[in-house]
Amino acid sequence: MAGTSSGRHIEIAWPDIGIAVTAELDGRNPALADALWEALPYRSLQGHALVAGEHLYHVAPIPSLLHLPADHKIADRREAPDGTVFCSALQHLGIKYGTLTEPMPATPVGRIREQDMPALAEAGSAVWDAVYSTKKPITAEVRRKGEQGGHRIPRLHASDKDVDALVADIHAETEKIWLTEPSELGEIHRGCIPSGAGTFETVLPTLLFVNGEIRPLGYASYGGLVRGAAQGMPIGALQHMARLLVSVPAEFLGYCGLEKLWHFTRRFLALLDELDHGDFMAVTSQMALYLNCLGGWSLQLYPWTTGDHLRRQPTGRTGGQA
């Protein structure tokens, strides 16, 4: 049914809290909607926006979301109707369920049906509590309406055997941590950091820097490399940009305790000169998915209530003004 998004229905369920909602893929951005439809069913750690407002999102195990074209964009997602479902180049499936404050363009693929809006708001509240306060993970299951749930992480392939072995190892680690707390990240959050990172035995600054490095490394660096490759950037330029973008943050994250990430990065850089476009695309896409998964767990584990005494104050200005 590729290319016929309108009329297809998906169910987004959160079994941990006993809530499910139905959305129609309404024909906007058919390439994105088709990629989502073909990837179903899957499960993912459910996240909640921490800056932008009443918005749910999770990492979707769909490598092509990083680079697929969007035919229809909403210039300011704050103006989208509540219940709008988005697929983004950050590899997210997102749902607006209330007020948003961040004025950014977004790519809609569907809409939650009206009768499910109270349940969606209830899910939003429960997920916010889970991410911000209780730290008890909530899993989202996305499936075709009327069909069974399930789960799989796509395993990409490379023609070179050494590159393919690296892709396989990244895939295996991604499968391991997709729905289970990554052991290295959990140890950092418990203050167990073999390198001694954390001046004067502090932990919170290290957590802050780890969170601040993982997300742009996945979203911008690897995501950008994948988009560059998909758009035909010459392999020499891609190799040069990879060296500029990924080594320093990955080495720092390895020092902070994410040694598997630094190990994968060293292997990637060692193979970089031998990669053609296809193999470059495979390994960077697999790394982006791995990093975006790590980023979701970092947001879930971070002790946000540490700053609970700080609350936004009136400024006399409206959102979106400079």
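Structure: see above.
For clarity, every value in this text was computed on a predicted model and none was experimentally measured.

1. As for the overall build of the protein chain
Okay, so step 1: Scanning the protein chain from terminus to terminus reveals eight helices and eight strands.
Okay, so step 2: For 322 residues, the compact-globule estimate of 2.2 N^0.38 gives 20 Å, and the C-alpha radius of gyration of the protein chain, at 20 Å, lies within 12% of that figure.
Okay, so step 3: In the protein chain, buried positions account for 49% of the 322 residues.
Okay, so step 4: Expressed as a percentage of contacts within the protein chain between residues at least 6 apart in sequence, the contacts between residues at least 24 apart total 75%.
Okay, so step 5: Within the protein chain, the 36 negative side-chain charges are centred at a point lying 3 Å from the centre of the 28 positive side-chain charges.

2. A word on the environment of histidine 92
Okay, so step 1: For histidine 92, the position within the fold is in strand 6 (residues 92-100).
Okay, so step 2: Taking the C-alpha atoms as reference points, histidine 92 and valine 59, separated by 33 residues in sequence, lie 4.6 Å from one another.
Okay, so step 3: Contacts of histidine 92, omitting those with residues within four sequence positions, involve Tyr57, His58, Val59, Leu65, Phe86, Cys87 and Tyr219.
Okay, so step 4: Polar contacts involving the side chain of histidine 92 include one to the side chain of tyrosine 219, which spans 3.2 Å.

3. Overview of the packing of helix 5 (residues 204-230) against helix 6 (residues 235-256)
The description of two packed helices rests on the angle between their axes and on the distance between the axes.
Okay, so step 1: It is at 10 Å that the axes of helix 5 and helix 6 come closest, and there the two elements cross at 160°. Taken together, the axes of helix 5 and helix 6 are roughly antiparallel relative to one another. Helix-helix and strand crossings are classified by hand; for helix 5 and helix 6 the assignment is left-handed. Within the contact between the two elements, helix 5 uses Thr206, Phe209, Val210, Glu213, Ile214, Leu217, Ser221, Tyr222, Leu225, Gly228 and Ala229 and helix 6 uses Leu238, Met241, Ala242, Leu245, Val246, Pro249, Ala250, Phe252, Leu253 and Cys256.

4. Focus: the side chain of serine 247
Okay, so step 1: With respect to the element layout, serine 247 can be found in helix 6.
Okay, so step 2: Once residues lying within four places of it in the same chain are set aside, the contact partners of serine 247 are Ala242, Trp262 and Leu269.

5. A short note on the packing of aromatic side chains
Okay, so step 1: The final tally for this structure, using the stated rule, is seven aromatic pairs.
Okay, so step 2: When the centroid spacing of 6.2 Å and the interplanar angle of 55° are considered together, the rings of phenylalanine 268 and phenylalanine 280 count as tilted. Of this pair, phenylalanine 268 sits in helix 7 (residues 259-271) while phenylalanine 280 sits in helix 8 (residues 277-301); the two residues are 12 residues apart in sequence, bridging distant segments of the chain.
Okay, so step 3: Its relative accessible area of 2% is what places phenylalanine 268 among the buried residues.
Okay, so step 4: Residue class for phenylalanine 280 comes out buried when judged on its relative accessible area of 0%.
Okay, so step 5: With 4.3 Å between their ring centres and 45° between their planes, tyrosine 302 and tryptophan 304 make a pair best called tilted.

6. Quick notes on the sheet that holds strand 2 (residues 19-25)
Sheet strands pair by backbone hydrogen bonding; their relative direction is either parallel or antiparallel.
Okay, so step 1: Sheet architecture is closed into a barrel: eight strands sit in the order 1-2-7-5-6-4-3-8, paired in antiparallel fashion. Neighbour-to-neighbour, the strand axes of the sheet open up by a mean angle of 30°, direction not taken into account.
Okay, so step 2: As defined by bridge partners, strand 1 (residues 8-14) adjoins strand 8 (residues 139-144) across four bridges and the pair is classed as antiparallel. Paired with isoleucine 10 across the strands is arginine 144, a residue of strand 8.

7. With respect to the pattern of salt bridges
Okay, so step 1: Applying the stated rule across the entire model yields 18 salt bridges.
Okay, so step 2: Across the pair arginine 8 and aspartate 34 runs a salt bridge whose closest N-O atoms are separated by 2.5 Å. Of this pair, arginine 8 sits in strand 1 while aspartate 34 sits in helix 1 (residues 30-39), and the two are 26 residues apart along the sequence. When sorted by exposure, arginine 8 lands in the same class as aspartate 34, which is buried.
Okay, so step 3: In this structure, the salt-bridge partner of arginine 78 is aspartate 76, at a minimum N-O distance of 2.6 Å.
Okay, so step 4: On the accessibility criterion, arginine 78 (28% relative accessible area) is partly exposed.

Cut-offs applied
- Residues numbered from 1 in each chain as written.
- Predicted model: local features only at pLDDT ≥ 70, side-chain atom pairs only at ≥ 80, totals over all residues.
- Heavy atoms only, no water.
- Helix = DSSP H or I, 4+ residues; strand = E, 2+ residues; numbered from the N terminus.
- Rg over C-alpha atoms; globule rule 2.2 N^0.38 Å.
- Buried < 20%, exposed > 50% of the residue type's maximum accessible area, 1.4 Å probe, protein only.
- Contact = heavy atoms within 4.5 Å.
- Lys, Arg positive; Asp, Glu negative; His and termini not counted.
- Charge placed at Lys NZ, Arg CZ, Asp CG, Glu CD.
- Polar contact = N/O pair within 3.5 Å; in protein donor to acceptor, adjacent residues only side chain to side chain.
- Axes fitted to C-alpha atoms, helices over the stretch in contact; angles between N-to-C directions.
- Parallel < 35°, antiparallel > 145°, perpendicular 65-115°, else oblique.
- Left-handed = near helix turned anticlockwise from the far one by under 90°.
- Phe/Tyr/Trp six-rings, centres within 6.5 Å; stacked < 30°, edge-to-face > 60°.
- Pairing = 2+ DSSP bridges.
- Salt bridge = Lys/Arg side-chain N within 4 Å of Asp/Glu carboxyl O.

Purely geometric stuff here, so don't read any function into it on its own.
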